[in-house]
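# Structure assessment
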Amino acid sequence: MKYKIVLSSNSPRRKELLAGLDIPFEVRVIDCIDESYPPTLPVQEIPQYIAKVKAAAYLPTMADDELVITADTVVVLGKEVLGKPVDRADAIRMLNELSGKTHQVITGVCFTTRQKQHVFGVTTDVTFKKFTQEEISYYVDRYHPMDKAGAYGIQEWIGYIGVTALKGSYFNVMGLPVQRIYAELQDF
């Protein structure tokens, strides 16, 4: 690898997934990056847009031999973007909306060096069974849905009992499409 890889994420899941590629990397995080996006932006483009915004924050402090990986994941149900829930009630609302339906998990990834930038997105379709209110409450009260888009982690209990179909990358739903990242790094 001709670049030193920098992962710009506090997510333990993203760190774990990237580490699974056996590529050395360091973690560097800039806090308080504005992750808003234009309201007219098509939902499929939102994660790539935010990944590029995050990357722009790193550019002034990057060394010539560094490649920064930024990413953003959103859950989309129809035309609605489900971000991270603001509280317990919001998490319950989101899981009720996702219950018994198919939704998309879209991750935008941006590779940035001082010389060039490459952005791509990965979409996975996830279908949930119809949840009972008891199942939703059990998950929300015992796990950590507040730091996850769509209020769930596929690798947690709700994913074990609720996912009835998956079309695309499981790891993308966890937050980082590592198989695509590996292929894109080889081409970069």
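Up top is the structure these notes are about.
Nothing here was measured: the structure is a model prediction, and the numbers come from that model.

Turning our attention to the layout of surface pockets. In this model, the largest pocket occupies a volume close to 850 Å³. For the largest pocket, the lining is made up of 36 residues, of which R14, E35, K54, D72 and K84 are closest to its centre. Where the lining of the largest pocket is concerned, the elements lending two or more residues are α1 (12–19), α2 (46–58), β3 (66–77) and α6 (170–174). When its residues are assigned to classes, the lining of the largest pocket shows 18 nonpolar, nine polar and nine charged.

What follows deals with the packing of aromatic side chains. Enumeration over the complete set of coordinates arrives at eight aromatic pairs. Measuring from centroid to centroid gives 5.5 Å for F111 and F120, while their planes differ by 80°, and the two rings are edge-to-face. This pair shows no difference in class: F111 is buried, exactly as F120 is. Just above the ring of F188 sits the side chain of K116; from NZ or CZ to the centre is 4.3 Å.

A few words now on the side chain of E135. If you trace the backbone, E135 turns up in helix α4 (residues 133–142). E135 sits in the buried class, given a relative accessible area of 18%. A polar atom in the side chain of E135 sits 2.9 Å from the backbone nitrogen of T132. If we skip the residues at most four places from it in the chain, E135 touches K129, K130, W157, I158 and I161.

Core analysis: the biggest nonpolar cluster contains 41 residues, and L18, L67, I69, F111, Y152 and I181 have the highest contact counts within it. Residues I46, V74, V76 and I106 belong to the second largest nonpolar core, which totals seven residues.

With 12 of its 12 residues buried, β3 lies for the most part within the structure. Burial along β3 is two-sided: the residues E66, V68, T70, D72, V74 and V76 and L67, I69, A71, T73, V75 and L77 are all buried. Where strand β1 (residues 4–7) and β3 come together, four bridges link them in parallel fashion. Within the sheet, the bridge partner assigned to K4 lies in β3 and is E66. As judged from the nine bridges shared by β3 and strand β5 (residues 102–112), these two strands associate in the antiparallel manner. Bridging across to β5, I69 finds its partner in F111. Pairing geometry for β3 and strand β4 (residues 80–82), over three bridges, is antiparallel. Counterpart to L77 in the pairing with β4 is E80.

This brings us to the environment of D141. Tracing the sequence through the fold places D141 in helix α4. Considering only alpha carbons, one finds D141 and I92, 49 residues apart in sequence, at a separation of 10.0 Å.

Okay, the pattern of salt bridges next. Using the criterion set out here, one finds 15 salt bridges in the structure. Salt-bridge contacts for D72 lead to K54; the nearest nitrogen and oxygen are separated by 3.4 Å. Of this pair, D72 sits in strand β3 while K54 sits in helix α2; the two residues are 18 residues apart in sequence, bridging distant segments of the chain. Note on accessibility: D72 and K54 belong to one class, buried. The shortest N-O distance in the salt bridge between D90 and R93 comes to 2.8 Å.

What counts and how
- Residues numbered from 1 in each chain as written.
- Predicted model: local features only at pLDDT ≥ 70, side-chain atom pairs only at ≥ 80, totals over all residues.
- Heavy atoms only, no water.
- 1 Å grid on protein atoms, 1.4 Å probe; cavity = no way out; pocket = protein on both sides within 12 Å on 5 of 7 lines; lining within 4 Å.
- Points joined across faces, edges and corners; volume = space filled by probe spheres on them.
- Helix = DSSP H or I, 4+ residues; strand = E, 2+ residues; numbered from the N terminus.
- Nonpolar A, V, L, I, M, F, W, Y, C, P; charged D, E, K, R; others polar.
- Phe/Tyr/Trp six-rings, centres within 6.5 Å; stacked < 30°, edge-to-face > 60°.
- Buried < 20%, exposed > 50% of the residue type's maximum accessible area, 1.4 Å probe, protein only.
- Lys NZ or Arg CZ within 6 Å of the ring centre and 35° of its normal.
- Polar contact = N/O pair within 3.5 Å; in protein donor to acceptor, adjacent residues only side chain to side chain.
- Contact = heavy atoms within 4.5 Å.
- Core = buried A, V, L, I, M, F, W, Y, C linked by side-chain atoms within 4.5 Å.
- Pairing = 2+ DSSP bridges.
- Salt bridge = Lys/Arg side-chain N within 4 Å of Asp/Glu carboxyl O.

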